[in-house]
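# Secondary and tertiary structure notes
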Amino acid sequence: MKLPAVLKNWANWTEIDMLYYDFHIHSALSPCGDKDMTPNNIVNMAALSGLDAIAVSDHNTVGNVRAAIKVGESCGVSVIPGMEVETAEEVHILTLYPSIEAAEFAAERVYESLPDIKNRPEIFGEQLKMDENDEVIGVEEKLLISPTTLSMEGLFDLVLETGGLFIPAHVDRHSYSVLTNLGFIPDNLDIRNIEVSKKVDDLEAYLDSRSDLRKYYIFRNSDAHYLENISQRSEYIDCESAADIFKNR
C-alpha cells in the first residue's frame with residue numbers, strides 16, 4: 001500500500017503499511033535530557049528498535065532537529081521536526097511540523113516568548129547543541145524549561161499557521177498536562193489529537209474512565225530522556241489513518 005500523498009510533505013515515506021513511531025524524544029539540548037541523547041545515538045537506537053519515524057521534541061526549541069534529520073537520512077529513519085512547548089498555562093503541548101523550515105519559524109516565536117532566565121546547568125542540566133557528528137557546536141544559555149508567554153490558543157494558532165500538529169502531551173499525568181492544569185480540553189480549539197503517556201498500561205481501561213477522550217486520535221510516545229526509554233516497535237499508525245491525522249486543515 002502506498003502512503004497517502006499528503007504525507008510526502010512530512011517525510012520521505014514511499015510504500016508502507018504501518019508506520020512504527022515515537023514522536024516524543026528529548027535530546028541533550030533539553031536540560032533534563034541525558035548527555036547520551038545525541039543525534040546519532042537517538043536515531044540509531046530508533047533504527048535498532050525497528051522504528052520507521054521519530055521526532056526529536058525538545059523543550060521549547062528545535063535546535064538539534066536538523067542534525068537528527070541528517071543522521072536519519074543516512075540510516076533510513078524519518079525524523080519529524082518536533083518541539084514540546086510549555087504554554088502560559090504551564091501545559092505541555094507536543095507540536096510536530098511538516099518541514100524543518102516550518103519548525104524553525106515556530107521555534108523562533110516560541111524562543112522569543114520565553115522569559116530571559118539564564119540556565120543553571122548545575123541545577124537543571126546542560127543544554128547542548130550538536131551537529132550530525134555529535135560534536136557540541138554550542139550551549140543554549142537561556143533556560144528552556146520555562147513556561148512561555150504563549151497561551152494555548154496562541155500556540156494553537158501558531159502551529160496551525162505552520163501546517164503542524166498540536167497535541168496536548170501526556171494528558172494523564174498530574175503535572176504539566178491540560179487535564180490537570182485546566183481540568184478539560186478547550187472545546188473552542190479544533191484539537192484532534194492527544195498524547196497518553198506510556199505510564200498508562202491499560203489504555204482501554206483509562207479511556208473507560210475518561211470516555212470524553214475517545215473522540216481524539218491518541219498518540220503513545222516514550223517522552224524519552226534516556227536512550228533505553230525510546231519506544232520499541234509497538235505503536236503504529238496505519239496508512240488509512242495517517243491521511244486524516246497529518247492532513248493540513
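Owing to the predicted nature of the structure, the values given are computational and were not obtained by experimental measurement.

Taken as a whole and judged by the stated rule, the model has six aromatic pairs. Judged by centre distance (5.5 Å) and plane angle (55 degrees), the ring pair of Tyr 20 and Tyr 236 falls under tilted. Separated by 216 residues along the polypeptide, Tyr 20 in strand S1 (residues 18-25) and Tyr 236 in strand S10 (residues 236-238) bring together distant segments of the chain. Among the aromatic residues, those joined into a ring-pair cluster are Tyr 21, Phe 23, Tyr 217 and Phe 219. Over the ring of Tyr 111 we find Lys 142; its NZ or CZ atom is 4.2 Å from the centre of that ring.

A word on unusual backbone geometry. One non-glycine residue, Glu 90, adopts positive backbone phi at about 60 degrees. Exposure remark for Glu 90: the relative accessible area of 39% places this residue in the partly exposed category. Residue Tyr 176 is not a glycine yet carries a positive backbone phi of 60 degrees. Within the element layout of this structure, Tyr 176 appears in the loop between strand S7 (165-168) and helix H6 (178-181). Judged by its relative accessible area of 37%, Tyr 176 is partly exposed.

Conventions adopted
- Residues numbered from 1 in each chain as written.
- Predicted model: local features only at pLDDT ≥ 70, side-chain atom pairs only at ≥ 80, totals over all residues.
- Heavy atoms only, no water.
- Phe/Tyr/Trp six-rings, centres within 6.5 Å; stacked < 30°, edge-to-face > 60°.
- Helix = DSSP H or I, 4+ residues; strand = E, 2+ residues; numbered from the N terminus.
- Lys NZ or Arg CZ within 6 Å of the ring centre and 35° of its normal.
- Buried < 20%, exposed > 50% of the residue type's maximum accessible area, 1.4 Å probe, protein only.

So yeah, pure geometry; function would need other evidence.
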